[in-house]
Amino acid sequence: MTMANSSSPHNLGEGIRTLRAKWGWIVALGVVFMLAGVIALGSVIAATASAVLVIGIMMIMGGAAEIIAAFSVKTWGRFAFWLLLGLLYVGAGVICILDPFKAATILTLFLGVALMVGGIVRMFLAWHMREAGKPWGWVVVSGIVTLLLGLIIFAKWPYSSEYTLGIFLGVDLIFIGSSWLTIGMALRKKRA
């Protein structure tokens, strides 16, 4: 039998009260994320390289885990499959680290294709939602925007690979930062 940590909150209300005392740190975290996003947008090529390096590190870690897991598999076929998969992940991660801009070219192509396919699927689903009487118009708009974004990336490829991932990283950091900032300010208002 394990004992629960007595310092952890026992319900949502207690958790929110604990966070209220830390609202300033949450706001600071939001500001740091937003600044990082602005810096990334100011240097999208460096941000692209950074994003690819992080992806490479993650792929190496995932590949190493696959290789380790392969040794726990009893049958030769599964062992070989897991080992090969792990080696492919490690190899792709090494390529990302050694030549991030070549890797960015491939990743950007996949991103453009994925956005185009995602936009088409969304519009297809929206077309079927209209019969159910749901607000399908917004899903269509979302699908069109996603499809157009994918087409823009694909049309400018491979040149777009130098900046696309950096722009996505910068925008993502700004959205994360604004979310933390909003949460921190809301916690501050509740305190007053």
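The shown structure was predicted, so the numbers you read here are calculated from the model rather than taken from an experiment. (Residues numbered from 1 in each chain as written. Predicted model: local features only at pLDDT ≥ 70, side-chain atom pairs only at ≥ 80, totals over all residues. Heavy atoms only, no water.)

Concerning the overall build of the chain
- When helices and strands are tallied, the chain shows 7 helices and 0 strands.
- Taken from the N to the C terminus, the helices and strands of the chain come in the order α-α-α-α-α-α-α.
- Within the chain, buried positions represent 24% of all 192 residues.
- A sequence separation of at least 24 residues applies to 78% of the contacts in the chain between residues at least 6 apart.
- Accessible surface, the chain: about 12900 Å² in total, of which carbon and sulfur atoms supply 75%. (Helix = DSSP H or I, 4+ residues; strand = E, 2+ residues; numbered from the N terminus. Buried < 20%, exposed > 50% of the residue type's maximum accessible area, 1.4 Å probe, protein only. Contact = heavy atoms within 4.5 Å. Areas by Shrake-Rupley, 256 points an atom, 1.4 Å probe, with all protein chains shown as cover.)

Focus: a nonpolar patch on the surface
- A cluster of nonpolar side chains, namely L53, V54, I57, M58, M61, V94, I97 and L98, defines an oily patch on the protein surface of about 720 Å² accessible area.
- Counting residues per element, the ones that place at least two in the nonpolar patch are α3 (44–70) and α4 (76–98).
- With 5 residues, α3 is the largest single contributor of residues to the nonpolar patch.
- For V94, the position within the fold is in helix α4. (Patch = residues over 30% accessible without salt bridge, like charges linked within 9 Å, V, L, I, M, F, W, Y side chains within 5 Å. Salt bridge = Lys/Arg side-chain N within 4 Å of Asp/Glu carboxyl O.)

Quick word on the nonpolar core
- Listed in full, the 5 residues of the largest apolar core are V52, C96, A103, A104 and L165.
- When sequence neighbours within four positions are dropped, the list of residues in contact with C96 reads V52, L53, G56, M59 and A103. (Core = buried A, V, L, I, M, F, W, Y, C linked by side-chain atoms within 4.5 Å.)

Here's the deal with the packing of aromatic side chains
- A complete count under the given rule lists 2 aromatic pairs for this structure.
- Both rings, one in F71 and one in F79, keep their centres 5.2 Å apart while their planes meet at 65°; by these two values the pair is edge-to-face.
- Judged by its relative accessible area of 15%, F79 falls in the buried class.
- Both rings, one in Y159 and one in Y163, keep their centres 5.5 Å apart while their planes meet at 65°; by these two values the pair is edge-to-face. (Phe/Tyr/Trp six-rings, centres within 6.5 Å; stacked < 30°, edge-to-face > 60°.)

Brief notes about the side chain of T48
- Following the sequence through the fold, T48 ends up in helix α3.
- T48 has contacts with A104, S161, E162, Y163, T164, L165 and G166, leaving out every residue within four places of it along the chain.

Some words on the confidence of the model for the chain
- When pLDDT is averaged across the chain, the result is 83; 89% of the residues are at 70 or more.
- Mean pLDDT across the secondary structure elements of the chain bottoms out at helix α1 (residues 12–20), with 69, and peaks at α3, with 90. (pLDDT = per-residue confidence, 0-100.)

Some remarks on the side chain of T146
- Looking at where T146 falls in the secondary structure, it is placed in helix α6 (residues 136–155).
- Within polar-contact distance, the side chain of T146 engages the side chain of R122 at 2.6 Å.
- Setting aside residues up to four positions removed in sequence, T146 forms contacts with L115, M116, G118, G119 and R122. (Polar contact = N/O pair within 3.5 Å; in protein donor to acceptor, adjacent residues only side chain to side chain.)

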